[in-house]
Amino acid sequence: MIGKIHKQMSHDSWLFSKMATPEYTPFVFLLLLFQSSVWGVPVCQTPQESPTCGYKSCHATKPGMLNVHLVPHTHDDVGWLKTVDQYFYGDRNDIQHAGVQYILDSVVDQLLKNPDRRFIYVETAFFYRWWKQQTDDMQNTVKQLVNEGRLEFVNGGWCMSDEATTHYSAVIDQMTMGLRFLNDTFGHCGRPRVAWHIDPFGHAREHASMFAQMGYDGFFFGRLDYQDRNRRMVAREQEMLWRASESLTPPMADLFTGILPNGYNPPEGFCWDQSCDDPPIRDDPDLEDYNVDDVVTRFLHIAHGQALVYKTNHIIMTMGSDFQYENANLWYKNLDKLIRYVNQMQSNGSEVNVLYSTPSCYLQELHRANLTWPLKGDDFFPYADSAHDFWTGYFTSRPALKRYERISNSYLQTCKQLEVLGGPISRKGPFGAGDSETLKKAMAVAQHHDAVSGTEKQHVANDYARKLANGWAHCQVLVSNTLSSLSGSSAPRVYCEHLNISVCPLTETSKKFSVNVYNPLARPVSWPVRLPVNGTAYSISDAKGKAVDSQVVPVSQATAAVRQGRGYAVNELLFQVQAPPLGYSTYSVSLLQNGPPSPPSPLPRAPKAVQNKFLRVTFDPETGLLSSLSNLETQQTVKLSQNFYWYNASDGNNSESIQMSGAYIFRPNTSTPFIISKTAKIETLQNSVVQEVRQWFSPWVSQVVRLYTDSRALELEWTVGPVPIGDDLGKEVISRLDSSINSSGVFYTDSNGREVLQRRKDYRPTWNLRQSEPIAGNYYPINSRAYIKDDKDQLTVVTDRSQGGGSIQDGSLEIMLHRRLLYDDVRGVGEPLNETSDIYPEGLVVRGRHLLSLSPPATAADTHRPLAQEVVLQPLITFTDGELHPSTRLEFSGLQAVLPPAVHLLTVSQWDQDTVLLRLEHQYQASESKEHSQPVTVNLQKLFSTLDVLGVSEMNLSANQWKDEMTRLDWKAESGEKPLPKRGGDPSVWEVNLKPMEIRTFLLRVRQR
Ligand SMILES: [Zn+2]
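Throughout, a residue's number is its position along its own chain's written sequence, starting from 1. Reporting in this predicted model follows two pLDDT cut-offs: at least 70 for local features of residues, and 80 or more for side-chain atom pairs to be given and counted; totals over whole chains, interfaces and linings ignore these cut-offs and use all residues. Calculated side-chain values reflect all of the structure's heavy atoms, with hydrogen atoms and water omitted.

- The protein goes by Alpha-mannosidase in an unreviewed UniProt entry, where it is assigned to Oncorhynchus tshawytscha.
- Under Catalytic activity (unreviewed entry), UniProt gives the following word-for-word description of the protein: "Hydrolysis of terminal, non-reducing alpha-D-mannose residues in alpha-D-mannosides."
- UniProt positions are given in the numbering used here, feature names are shortened, and annotations may be inferred rather than shown by experiment. Looking at the protein in UniProt, the text filed under Sequence similarities (unreviewed entry) is "Belongs to the glycosyl hydrolase 38 family."

This is how it looks when you write it as structure tokens:
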């Protein structure tokens, strides 16, 4: 369908000319709606084929019987034990026998042999690789299979994303990319109806909300807490309606959700892959070992048992597993026979009917059953598969990769914005060919449930990071091209990717350079910059030539140590920069020749307090630890201390269970963590830009408590590692905040960086929990923020990457920072999580930030929402050496005006030559903020400063359907409430209305001004 849009939009009548004055626009919009439905037929779907894909292609079922839907499928991890490319080719079969190219070859061949056969395919990252290598003939054959519903895509994102550690922005992007490929390639019949997350280790409510808004009719998964599962089996509540948002009007975020019977495996005894050992169907009565009767009896027994725990006379069986169907003949030959022999029994009175099916065909039957379904409001975290086996370790596993993934998302959004703002020149010159495609693909792969989750083998983690780095390199060329075009300066641009550890060869040596700060947010930001330097005094001027206050401070010992020989700056230059919305500002920096010989040395003691105009922080002079935090604007104060601890990771040698802590599983040996040091050695620096207290706890743990002059948040920059293992004890390191807040066993975490869920200690909203792991069983994923509160005070922590955390005591909030483990946890990865590298042979050192704010609960979101967006989409800083040409444009904004504070510009991305994909998001929840939880309106024509918006069409969240063509199956909840009426219309074609937590997706036809 999308391929068609471009063609439609080049059609004259589609052009919104400048004559499209506001009076004419309603007419034009109607025309557009009309055309979108008339012309919205997929480009590759020719009428004579009259495709019968989707629900129309399902095999007939038998109403009075138990219908068993056999779903042949393969689960192809986009990297895990092998890299994504090794999996595709079937390389390194010594690690794991798996080759996706052979799977697709073999399945297509087998589908052609019998039109009854069905197959579903899920991961577009693999399918795309395979498709590129096929002949025209083969491509046409496959299109035919897709058009007949014999090969069906489900889920269809680039990968099957992790749900605990991903950010919604990156998930939407990866889904959009996979679904677009399917749309472009197969049109209407390539659009998946069902979301399919059979393997992720717990399920996020925000994922369900996104899937609903992407137009999926239903969602199936395999893993949930064993206690939850047992209760649901007894109550026959394994299929439900998930109401996945507290802000969006139902049924906008309602998603029918089903739990698969065997995870995603076949029933026991019925695995006929070459990787399995179950007996084939031996159906020649003349030969020995004839076993048809036995197979049929066993199958009927399993089917009847399964029917007892589901509501309808339809059940589903997943006939496949990890990387199965490489020799699909084995599976299909036996499935053909199974269907024949089981159904033959119907003549003897059997009431079981077996058929080839797909998840959407099964879903259709559930819908036809016209039942009411239990309503689900919370999420499926944490996931435990046994009493001592909580999959809560991976919330933190591989913290460095998790940060690199998050910052890569920021960089990708900037890259895509600058591709739009720069126009075609961004991809051509003057610095050569640049693109955003490489980083888009690398980021999409990184969302996989064994990528950013940290549950892959070490060499695979390295491959994800290498792919991201390669994507950065391609984007850097694009960014340089655009910034050169926008600024009029073709001076070479320098990127410094190690500013967090004060490494940047240019600033370390240059006497005169400029700093370009690009801001990807739709509102101006003020951002502290720290540059590694060797001078002692600098003069800095902003884009208007005004002097900027700056300070030089010595590099800390912790930073010098973590550099491991890279960079040799002795000082850091600090100043605050401002950048306009979707734009940049340029600062000139010159070394002052007659500066002081060295910057003032830090004082070797803790101050009583540090404060700016917003916050005041006190320290305990005895220990050097934090002792209180005050908000000076609201005049509230809480007692607050913070320290670092480690849990002793279980080695499995334990009376309760032999489970070890590993890449997936968190299992401390005792519930009491070990303190790293009761006191910290302190150095204090206070100047006009920043006040910082440097705390040194041990050779492997240090922290800087920082308060910038203009900040409403207190920064805790922690540095942890190499985690020592000389004592043969695995360690899981946490930062714990202990406050006087009366949190009553409750804390809050975000879901994929968006809506917030309440978490209660030793409690689950949907079943009576028997808590068996007092720490690990109270851990939840934190993607961007967590908070505790009482009636008066809310303490919010904004994180810079996904981490796990919990609130074990009232007033306390702990966040796991780093894990170093000595044992594998027997969930398949086969390696202990013990990260080292060439640069850090003694063990990985990880640095990150927590941003703390204290507010009354009623206004807390006004601080943490914008703060978290600033951390997710942070400014991109680039450098040019020497003096800039006087004609250089030092400041630029891509927007005509700042967007309202509630609005987040989620996506600005080039779609086709003349079209841009735009997503606008209301970033507040309903009732979260008195000021901002209100509907807001944005005028699309008054958005960009460099682009005329000529036409607009709204799409679903994943941009693979026109919004007005998106129809979903409707489902009734047991509670009996009716869906509310549809949202009110927009004020006009160009003025779009956003309600709390709404994301709206538009395809804009644009022209460069
Ligand atoms: Zn998997």
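Still more ground to cover, so stick around.
## Some remarks on the overall build of the protein
Link 1 in the chain: Only DSSP runs of H or I with at least four residues qualify as helices, and only runs of E with at least two residues qualify as strands; both kinds are numbered from the N terminus onward. When helices and strands are counted, the protein shows 19 helices and 47 strands.
Link 2 in the chain: Computed over C-alpha atoms, the radius of gyration of the protein comes to 29 Å, within 12% of the 30 Å expected from 2.2 N^0.38 for 1009 residues, which places it in the range of a compact globule.
Link 3 in the chain: With the principal axes as the frame, the protein shows a C-alpha extent of 100 × 75 × 55 Å.
Link 4 in the chain: For this analysis, residues touch if any pair of their heavy atoms sits within 4.5 Å. Relative to all contacts within the protein whose residues are 6 or more apart in sequence, the contacts with residues 24 or more apart total 76%.
Link 5 in the chain: Where accessible areas are quoted, they stem from the Shrake-Rupley method and a 1.4 Å probe; at the residue level, only the protein chains shown are allowed to cover. Accessible area for the protein stands at about 35,400 Å²; split by element, carbon and sulfur atoms hold 52% of it.
Link 6 in the chain: Neither His nor the chain ends contribute to the count of charged residues, in which Lys and Arg are positive and Asp and Glu negative. The atoms used to mark charge sites are NZ of Lys, CZ of Arg, CG of Asp and CD of Glu. Within the protein, one finds 97 positive and 111 negative side-chain charges whose respective centroids are separated by 6 Å. Atoms considered for the radius of gyration are the C-alpha atoms alone. The globule rule reads 2.2 Å times the number of residues to the power 0.38.

## Some words on the coordination of the zinc ion
Metal coordination angles have textbook ideals: 109.5 degrees for a tetrahedral set of four donors and 90 or 180 degrees for an octahedral set of six.
Link 1 in the chain: The zinc ion binds to the protein through H75 (NE2), D77 (OD), D199 (OD) and H449 (NE2), with metal-donor distances spanning 2.0 to 2.1 Å.
Link 2 in the chain: One can describe the site at the zinc ion as irregular: its four donor atoms subtend angles covering 92 to 158° at the metal.
Link 3 in the chain: Donor selection uses N, O and S atoms within 2.8 Å of the metal (3.2 Å for Na, K and Ca). Since no water is included, sites may look incomplete. Counting gaps between the donor residues of the zinc ion yields the pattern H-x1-D-x121-D-x249-H. With H75 in the loop between strand 1 (66–72) and helix 3 (84–89) and D199 in the loop between strand 4 (194–197) and helix 8 (205–213), the pair connects residues that are 124 residues apart, well separated along the chain. For the pair H75 and D199, a shared accessibility class is recorded, and that class is buried. Irregular is the label for any site that misses the other tests, which are tetrahedral for four donors with all angles between 85 and 135 degrees, and square planar for four donors or octahedral for six when opposite donors exceed 155 degrees and the remaining angles lie between 65 and 115. To sort residues, take the accessible area from a 1.4 Å probe on protein chains only and compare it with the maximum for the residue type: under 20% means buried, over 50% means exposed, and anything in between is partly exposed.

## Some remarks on the sheet that holds strand 44 (residues 947–955)
Link 1 in the chain: Only strands joined by at least two bridges in the DSSP assignment are considered to pair. The strand order across the open sheet built from four strands is 41-42-47-44, with neighbouring strands paired in antiparallel fashion. Since the sheet does not close on itself, it has two edges, and those belong to strand 41 (903–912) and strand 44, each with one partner. Across this sheet, the average inter-strand angle for adjacent strands is 30°, counted without regard to direction. Only the stretch in contact is used when a helix axis is fitted, and all axes are lines through C-alpha atoms; the angle between N-to-C directions ranges over 0 to 180 degrees.

## A closer look at the UniProt feature "domain: Glycoside hydrolase family 38 central" (unreviewed entry) in the protein
Link 1 in the chain: According to UniProt, the "domain: Glycoside hydrolase family 38 central" (unreviewed entry) feature falls on residues 389–468.
Link 2 in the chain: The span residues 389–468 is 61% helix and 2% strand, and its two end C-alpha atoms sit 32 Å from each other.

## Topic: the packing of helix 5 (residues 124–132) against helix 6 (residues 136–147)
Link 1 in the chain: Interaxial distance between helix 5 and helix 6 falls to 10 Å at its minimum, and their mutual angle equals 135°. Between helix 5 and helix 6, the angle falls in the class oblique. Contacts from F127, W130 and W131 in helix 5 reach M138, Q139, V142 and K143 in helix 6.
Link 2 in the chain: The residue classification treats Ala, Val, Leu, Ile, Met, Phe, Trp, Tyr, Cys and Pro as nonpolar and Asp, Glu, Lys and Arg as charged. All others, Gly included, are polar. A class-by-class count of the residues in the contact of helix 5 with helix 6 yields five nonpolar, one polar and one charged. By the definition adopted for this analysis, an angle is roughly parallel if under 35 degrees, roughly antiparallel if over 145, roughly perpendicular if from 65 to 115, and oblique otherwise.

## Observations concerning the side chain of H73
Link 1 in the chain: Relative to the assigned elements, H73 resides in the loop between strand 1 and helix 3.
Link 2 in the chain: Pairs of N or O atoms within 3.5 Å make up the polar contacts considered here, provided that, within protein, one atom can donate a hydrogen while the other can accept it, and that residues adjacent in sequence are counted only when both atoms are side-chain atoms. Among the polar contacts made by the side chain of H73, one reaches the main-chain carbonyl oxygen of Y264 at a distance of 2.8 Å.
Link 3 in the chain: Each residue touching H73, except ones within four places of it in the same chain, is listed here: F119, I120, W196, I198, Y264, T318, M319, G320, S321 and Y325.

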